Amino acid sequence: MIAAAIEAHPVSGAMAPGHGDGGPAPIRIIVSFGFWVFLLSDIVMFSALFAAYAVLQGHTAGGPTGRQLFNLRHVAIETGCLLTSSFTCGLLTLSADARSKAGIYLAATATLVLGASFLGIEISEFAGMVARGAVPSRSAFLSAFFTLVGTHGLHVTAGLIWLLVMLAQVATRGFRPATMRRLGCFALFWHALDIVWVALFSVVYLMGMG
Amino acid sequence: MDNRGDVQAATPGEDGSDTPGIASYLMGFGLAIVLTGASFWAADTGLIYGPAVPIALAVLAIAQMGVHLVFFLHITTAPDNTNNILALAFGVLIVTLVVGGSLWIMAHLDHNMMPMDQLMQRQR
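Read on for a plain summary of the structure. All of these numbers come straight from a predicted model, not from anything done at the bench. The residue count restarts for each chain, going from 1 along the sequence in the order it is written. Both sets of labels track the order of writing: A upward for chains, 1 upward for ligands. Only residues with pLDDT of at least 70 get local features here, since the model is predicted, and only at 80 or more are side-chain atom pairs given and counted; chain-wide, interface and lining totals rely on the full set of residues. Derived side-chain values reflect all non-hydrogen atoms in the structure, with water molecules and hydrogen atoms excluded from consideration.

**A short note on the overall build of chain B**
Applicable threshold: The secondary structure listing takes helices from DSSP runs of H or I that are at least 4 residues long and strands from runs of E that are at least 2 residues long, numbered from the N terminus. Only protein chains enter the accessibility calculation, which uses a 1.4 Å probe; a residue whose area is less than 20% of its type maximum is buried, one above 50% is exposed, and one in between is partly exposed. In this analysis, two residues are considered to be in contact whenever any of their non-hydrogen atoms come within 4.5 Å of each other. All accessible-area figures derive from a Shrake-Rupley calculation using a 1.4 Å probe, and residue coverage is judged against the displayed protein chains alone.
Within chain B one finds four helices and zero strands. Within chain B, the proportion of its 124 residues that are buried is 30%. Within chain B, contacts between residues at least 6 apart in sequence are counted, and of these 62% link residues at least 24 apart. As displayed, chain B offers around 7800 Å² of accessible surface, 69% of which is attributable to carbon and sulfur atoms.

So, in structure tokens, the structure goes:
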């Protein structure tokens, strides 16, 4: 760090680059702050879908309701998969910090398997609903449901592909700073998806059954 | 961390101090399991007064999001985290406006609108 030329921060009394005199913050800080802002904007987008769902929830147009379609046991398994994958993603971050390739592969494999199980259960749920005639065009409720839950599912799919790419990068290029930054961003993305899922299972499934 | 050293802005997802590590993730995982279990229990049990169930679920969900933010994303209130917290606060403001505002205005519209069959009759 270039701490020598920096004046003490007026409040904390500490040297703080990025607070004026210190010059720009290190690229690692800038990248993850930028990605954090992206994640928040993604959550704002989800909030619009949540609002649409909440407004249209009761508009079933004589079609099937959530209570008839949802299976809480499947939702509980999905939640367990995603929650555990968020924990293994934390282990991935720790392995990356410790520069342990074996740890990264192990934690990433667990995350991939759990994420893929989540996706598999969700797709079979969707297929079951479509087979019963509960397609997105059936009612406003189903349009909002498939848009909201489907968007989350697409995010999980993108996350899985991203993780595979990151594994390839670690395998071929090792622990370059850029690769480590991308792994850090992936971990943020995956944890944020879990936060969206918490809102999703509470609002859509649990409140929908109540 | 040395107090007189350089405090740089912390990134989301990592805590500048030497405390985090596996303990933080285990703690978050444990709390998240308890809160998720409580949510599924609250939705299923007959012990809670019916109309209060959605409120209980909302409280549990917000608590769990807080757990994820603190123990998984390591968002703290430390001075080095000001940027992250401010961005988060702005995000929460927008989410509240979008969801709360939509529900509020649509409930009023529903309340004030003529029932659909009468509306159709009038258009003939």
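**Remarks on the interface of chain B and chain A**
Put simply, the rule reads: A quick way to say it: buried area is the sum, across both parts, of accessible area lost when two parts are put together, with a 1.4 Å probe. Criterion for a salt bridge: a side-chain nitrogen of Lys or Arg within 4 Å of a carboxyl oxygen of Asp or Glu. Whenever a nitrogen or oxygen atom comes within 3.5 Å of another N or O atom, the pair is scored as a polar contact, on the condition that within protein one atom can donate a hydrogen and the other can accept it, and that pairs from neighbouring residues in sequence are kept only if both atoms are in side chains.
The partner chain A presents 44 residues to the 46 residues of chain B that form the contact. Taken together, the two surfaces of chain B and chain A that pack against each other cover about 3900 Å², and 80% of this comes from carbon and sulfur. Here chain B is connected to chain A by zero salt bridges. Across the contact surface, chain B and chain A share one residue pair in polar contact (both at pLDDT 80 or more). Ranked by the residues each element gives to the side of chain B that touches chain A, the list is headed by helix α3 (residues 82–112) of chain B, at 13 residues.

**Some words on the layout of surface pockets**
Note the cut-off: Of the two site types, the cavity is a set of points on a 1 Å grid over the protein atoms alone where a 1.4 Å probe fits but cannot get out, and the pocket is an open set with protein on both sides within 12 Å along at least five of seven lines, each lined by residues with an atom within 4 Å of a point. Grid points are joined across faces, edges and corners, and a volume is the space filled by probe spheres set on the points. Side-chain classes follow a simple rule in which Ala, Val, Leu, Ile, Met, Phe, Trp, Tyr, Cys and Pro form the nonpolar group, Asp, Glu, Lys and Arg form the charged group, and the remainder, Gly included, forms the polar group.
Put simply, the largest pocket is a space of about 870 Å³. Lining the largest pocket are 31 residues; nearest its centre among them are Ala199 of chain A together with Ile62, Met65, Val95 and Val99 of chain B. Those elements that place two or more of their residues in the lining of the largest pocket are α1 (27–56) and α6 (177–209) of chain A together with α2 (53–72) and α3 of chain B. Of the residues assigned to the lining of the largest pocket, the class counts are 25 nonpolar, six polar and no charged.

**Remarks on the state of the cysteines**
All names here are of chain A. As a reminder, the rule being used: Throughout, disulfides are identified as pairs of cysteine sulfur atoms within 2.5 Å of each other.
The final tally for this structure, using the stated rule, is zero disulfides over all chains. The cysteine Cys185 is free of any disulfide, with Cys89 supplying the nearest cysteine sulfur at 12 Å. Overall, Cys185 belongs to the buried group, its relative accessible area being 7%.

**Let's talk about the nonpolar core**
To keep things clear, this is the line we draw: We define the nonpolar core as a collection of buried residues of types Ala, Val, Leu, Ile, Met, Phe, Trp, Tyr and Cys that are connected through side-chain atoms lying within 4.5 Å of one another.
Counting residues in hydrophobic clusters, the biggest one holds 73 residues, and the most contacted among them are Trp36, Phe145, Leu200 and Tyr205 of chain A. Every element with two or more residues in this core is listed here: α1, α3 (72–97), α4 (101–131), α5 (140–173) and α6 of chain A together with α1 (22–44), α2 and α3 of chain B. The element best represented in this core is α6 of chain A, accounting for 20 residues. Not counting the four nearest positions on each side in its chain, Phe145 of chain A is found in contact with Tyr53, Phe70, Phe126, Met129, Gly150, Val204 and Tyr205 of chain A.

**So, the environment of Arg99 of chain A**
Residues and elements named next belong to chain A. Tracing the sequence through the fold places Arg99 in the loop between α3 and α4. Through-space distance from the C-alpha of Arg99 to that of Cys89 is 15 Å; in sequence the pair is ten residues apart. Dropping the residues within four chain positions of it, Arg99 is found in contact with Phe175 and Met180.

**Quick look at α6 of chain A**
Selection criterion: To estimate how far a helix should extend, the number of its residues minus one is multiplied by 1.5 Å. A residue's bend is the angle separating two fitted axes: one through the seven residues that end there, the other through the seven that start there.
Taking 1.5 Å of rise per residue, the 33 residues of α6 of chain A would be expected to cover 48 Å, and the 47 Å separating its terminal C-alpha atoms lies within 8% of that figure. The sharpest bend along α6 of chain A reaches about 30° and sits at Phe201 of chain A.

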